[in-house]
Amino acid sequence: MTDDPTGPDDADEFASARERMADAVARQTDASDRVRRALAAVPRHEFVPPGRRTAAYEDRPLPIGDGQTISAPHMVAIMADLLDLEPGDEVLEIGTGCGYHAAVTAALVGDGNVYSVEYGADLAERARETLADLGYGGVSVRTGDGREGWPERAPFDAAYVTCAAPSFPDPVVEQVRTGGRLLAPIGSARQTLVFAYKREDGSLDREDHGAVRFVPLRG
Ligand code: SAH
């Protein structure tokens, strides 16, 4: 055994816990095998605060500081599956948090294709470091109000929001290409996970995917 919490014994333990979590979540959500493999690949324990590592492969949200939480793995799987993320898709994420969800997205589309906006400067900084340390340095993270999207990098094939929003922000809808996909928890205290497909005339074809609970949008 080693005292180093990231030493080889723990790494093995984390790897088998991660495999089990990915299998269980994929079964429960009926997610694709690609999504299962992405969950099995991304070391969630590296994204949570050190004191939370032993809980990293339980399927539940965890505090990540600044009053925010990392989503439960099943929610990340459901969202990745609904967005049908393919290699090469250019994706906008609103709400980087600790960067875990961005890393799963990167595992599906390629890390150079992920653009993530985080309101909290400290969270953004930490996420950037964690992502780079783990080999997802191509993910672009910027501090700001995600409601403005990332106009310089538009158009996106898909955009998703990881905090509760009153509606799809107009700039974000504009920055998604025709035929592109959007996904967000829409509502205030309680939300509905809403998927939308952007039609040629710019309007949205919306589908509701059940009740969810996310932290509120800030700013
Ligand atoms: N995807 C994240 C989950 C983070 S929780 C992860 O894997 O950890 C939601 C995040 O949205 C929080 O970090 C919060 O600070 C951020 N957020 C809230 N309002 C925002 C806004 N207006 N613009 C960008 N990020 C925002």
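The preceding data block contains the structure.
Description of the structure in this document. Since this is a predicted model, take the numbers as computed values, not measurements.

The rules behind the values
- Residues numbered from 1 in each chain as written.
- Predicted model: local features only at pLDDT ≥ 70, side-chain atom pairs only at ≥ 80, totals over all residues.
- Heavy atoms only, no water.
- Phe/Tyr/Trp six-rings, centres within 6.5 Å; stacked < 30°, edge-to-face > 60°.
- Helix = DSSP H or I, 4+ residues; strand = E, 2+ residues; numbered from the N terminus.
- Buried < 20%, exposed > 50% of the residue type's maximum accessible area, 1.4 Å probe, protein only.
- Lys NZ or Arg CZ within 6 Å of the ring centre and 35° of its normal.
- Near = heavy atom within 4 Å.
- Polar contact = N/O pair within 3.5 Å; in protein donor to acceptor, adjacent residues only side chain to side chain.
- Areas by Shrake-Rupley, 256 points an atom, 1.4 Å probe, with all protein chains shown as cover.
- 1 Å grid on protein atoms, 1.4 Å probe; cavity = no way out; pocket = protein on both sides within 12 Å on 5 of 7 lines; lining within 4 Å.
- Sits in = over half its atoms within 2 Å of the grid points.
- Nonpolar A, V, L, I, M, F, W, Y, C, P; charged D, E, K, R; others polar.
- Pairing = 2+ DSSP bridges.
- Right-handed = clockwise from strand over helix to strand, strands pointing away.

### What to know about the packing of aromatic side chains
Link 1 in the chain: Scanning the entire structure with this criterion turns up 4 aromatic pairs.
Link 2 in the chain: The interplanar angle of 75 degrees and the centroid separation of 5.8 Å between the aromatic rings of F47 and Y100 together place this pair among those described as edge-to-face. Pair noted here: F47 is in the loop between α2 (33-41) and β1 (62-65) and Y100 is in helix α4 (residues 100-109), with a separation of 53 residues, a long-range link. Of the two residues, F47 and Y100, neither departs from the other in class, the shared state being buried.
Link 3 in the chain: These aromatic residues form a ring-pair network of at least three members: Y115, W150 and F156.
Link 4 in the chain: Directly above the ring of Y100 sits R44, whose terminal nitrogen or CZ lies 5.6 Å from the centroid.
Link 5 in the chain: R142 extends its terminal NZ or CZ atom over the ring of W150, reaching a point 4.7 Å from the ring centre.

### Some words on the site of the ligand
Link 1 in the chain: The environment of the ligand is made up of 23 residues, and the closest members are T69, E118, D145, G146 and R218.
Link 2 in the chain: C98 is positioned such that a nitrogen or oxygen atom in its backbone is 3.1 Å from an oxygen atom of the ligand.
Link 3 in the chain: Contacts to the ligand include Y119, whose backbone N or O atom sits 3.1 Å from a nitrogen atom.
Link 4 in the chain: Protein chains shield 99% of the accessible area of the ligand, which is 580 Å² for the free molecule.
Link 5 in the chain: Under a 2 Å grid-point criterion requiring more than half of the atoms, the pocket assigned to the ligand is the largest pocket.
Link 6 in the chain: Ranked by the residues each element gives to the shell around the ligand, the list is headed by strand β2 (residues 68-70), at 3 residues.
Link 7 in the chain: Among the residues forming the shell around the ligand, the class breakdown is 10 nonpolar, 9 polar and 4 charged.

### Regarding the pairing of strand β3 (residues 91-94)
Link 1 in the chain: Because side chains alternate across β3, one face comprises the buried residues V91 and E93, and the other comprises L92 and I94, equally buried.
Link 2 in the chain: In terms of strand pairing, β3 meets strand β4 (residues 114-118) through 4 bridges, oriented parallel. Each bridged residue has a counterpart across the sheet, and for L92 the counterpart in β4 is Y115.
Link 3 in the chain: Since β3 and β4 lie parallel, the crossover through α4 that links them has a hand, and here it is right-handed.
Link 4 in the chain: When β3 meets strand β6 (residues 156-161), the two strands line up parallel, connected through 4 bridges. When the bridges of β6 are listed, L92 appears paired with A159.

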